[in-house]
Structure formats: structure tokens, C-alpha cells
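Each chain, letter by letter, is given below.
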Amino acid sequence: MQKILLLDRSYTERGRRRMGFLLVKRTFDVLASFCMLLVLLPLGLLVALICALDTKSSPIFSQERMGRGDKPFRIYKFRTMSPRTPADVATHQLVGAENYISRTGRVLRKLSLDELPQLWNILKGDMSFVGPRPVVLTETELLARRRRLGADLVRPGITGLAQVRGRDTVSIQHKARYDAYYARRMSLGLDGRIVLETLRCVVTGEGIREGGHSPEAAARQVSGRRG
């Protein structure tokens, strides 16, 4: 009986620490995203102008992605691909992706500047700075694995553990495991390490693969339009 009480107290204390961390994490997300939206507004306007001129289309691209608790939401990015690009296909699976990426889009994607509009997603509560990367609804295998492992219970992020462990070169199985590990072990320390490693990956371009090249990737490509 005493052991049961000790275990119960341990789980209760762990739950309190997790709730406290989630409150701190959300508070940071709101304050940081709001400040960054204000500070980076001039840069955002410049990038938007460049994207509009280069793609000859709306500079903002939105797409349905899977969010926390299997609830889809609209994610926002600067448009770095042609409006003729097939819709709802992950870029790393898109056959001939290099043919759709705009001239300036290559630079913006390398520097991750196309992700700046997602600060609005963070402020709204759709996303966090750190968490499993939200994927398109057609990535059913990854979504199913995340669901089984409990990785769908946290807010998706601009960056995550899988993104600093190989990004587009990581298999679906390993990506789901990384996401599940983060969902179970999330902490301020882990978030800090992921952010620092993300900066390194942005500088080195590590793990970036634009487009799929296999017959399986070609079979997954669907008709439609994206940006």
C-alpha cells in the first residue's frame, strides 16, 4: 500500500511539473512570437515583396497541416514555389521539386526565412517554437505512427528533434520515434538544445533534401496547386 501511495505521489508530482513547464512554454511562445512579429515586420515585408515579384502570385502560401490532437489547421509560409506545384505533397517527397522552387525561394528556404509567417501560427496557438514538425494530411503513415506513440498530443513546432537529427533524410519510423521522445521528455533544457542545434543546421544546410526521386515518391504526387 505504501509503495502504491509513493508511486501515486510520484506521478502527481511529475504531472504538476509537466503542467508548469507547459504554462512556461506557452507564455514564452506568446511573448516571443509577438515581439518577433513586431521586430521582424520590415524584413517580412521585404521578403513578401520579393516572393510576390519572383512567383508572380500571392506572397503568402497557406496549407492544411495536422495539429495537436489530430486537429488540422492552416499553416502560413512565404511562397517560395510556383503556384503550379502539386498540392498536399511534402516537398521532400515531391518529384522534380527543384523545377518548382523559385529563384529566390532556394535562398529563403535555405535560411528558413520562408517560415517567418508561422510566428502568427504560434501566437494563435496552432504551433510552438519547438515540437514535432506539422506535416500535410497525406503523410498518413507518419501521422499514424505519431498517433500510436503519443506524439500527436503536443503542439507542433517550427523546429523539432527530428529536424536536428536529419530532417528530410530521416526515415518515417525514426522521425516518429524522435517526435514521441520529445513529447514524453519535453523540457526547457531539451527545447534549448534543439533551438541551438537548429541554428547550426540552418548555417550548414544539414539534412535538407528538396524532392523525392523514387517511384514511390512519384506515386504519392497528386494533382492540385500549392506554393
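Residues numbered from 1 in each chain as written. Predicted model: local features only at pLDDT ≥ 70, side-chain atom pairs only at ≥ 80, totals over all residues. Heavy atoms only, no water.

Undergrad: Pulling in residues and values, what's your account of the overall build of the chain?
TA: For the chain, the count of helices and strands is eight helices and four strands. Along its sequence from the N terminus, the chain presents helices and strands in the succession α-α-β-β-α-α-β-α-β-α-α-α. Going through the 227 residues of the chain one by one, you find that 44% of them count as buried. Nonlocal contacts in the chain, meaning residues at least 24 apart in sequence, comprise 74% of its contacts between residues at least 6 apart. (Helix = DSSP H or I, 4+ residues; strand = E, 2+ residues; numbered from the N terminus. Buried < 20%, exposed > 50% of the residue type's maximum accessible area, 1.4 Å probe, protein only. Contact = heavy atoms within 4.5 Å.)

Undergrad: Can you tell me about unusual backbone geometry, naming the residues and giving the values?
TA: We note that Lys-56 has phi near 55 degrees; this positive angle belongs to a residue other than glycine. Turning to its location among the elements, Lys-56 is positioned in the loop between helix 2 (41-55) and strand 1 (60-66). Given a relative accessible area of 71%, Lys-56 falls into the exposed group. The backbone of Ser-112 sits at a positive phi, close to 60 degrees, despite the residue not being glycine. Mapped onto the fold, Ser-112 is located in the loop between helix 3 (103-110) and helix 4 (118-124). Taking the relative accessible area as the measure of exposure, Ser-112 reaches 21% and is therefore partly exposed.

Undergrad: I'd like to hear about the confidence of the model for the chain, residue by residue, with values.
TA: The share of residues in the chain with pLDDT of 70 or more is 83%, and the mean pLDDT across the chain is 85. Note on residues 213-227: pLDDT is under 50 here. Beyond four places in sequence and across chains, it has 42 contacts. (pLDDT = per-residue confidence, 0-100.)

Undergrad: Any chance you could break down the environment of Arg-68 for me, citing the residues and the numbers?
TA: When you line up the elements, Arg-68 lands in the loop between strand 1 and strand 2 (72-78). Exposure remark for Arg-68: the relative accessible area of 41% places this residue in the partly exposed category. Separated by 66 residues in the primary sequence, Arg-68 and Pro-134 place their C-alpha atoms 8.9 Å from one another. In this structure Arg-68 touches Asp-152, Leu-153, Val-154, Arg-155 and Pro-156, once residues within four positions along its chain are discounted.

Undergrad: How would you sum up the nonpolar core? Please name residues and give values.
TA: One finds Phe-78, Phe-129, Tyr-182 and Ile-194 to be the most contacted residues of the largest nonpolar core, which totals 24 residues. Among the secondary structure elements, those contributing two or more residues to this core are helix 1 (2-39), helix 2, strand 2, helix 4, strand 3 (128-130), helix 6 (172-185) and helix 7 (188-204). Once you skip the residues sitting within four places of it in the chain, Ile-194 turns out to touch Val-130, Thr-159, Gly-160, Leu-161, Val-164 and Tyr-182. Core analysis: the next-biggest nonpolar cluster, separate from the first, contains six residues, Met-81, Val-89, Leu-94 and Ile-101 among them. (Core = buried A, V, L, I, M, F, W, Y, C linked by side-chain atoms within 4.5 Å.)

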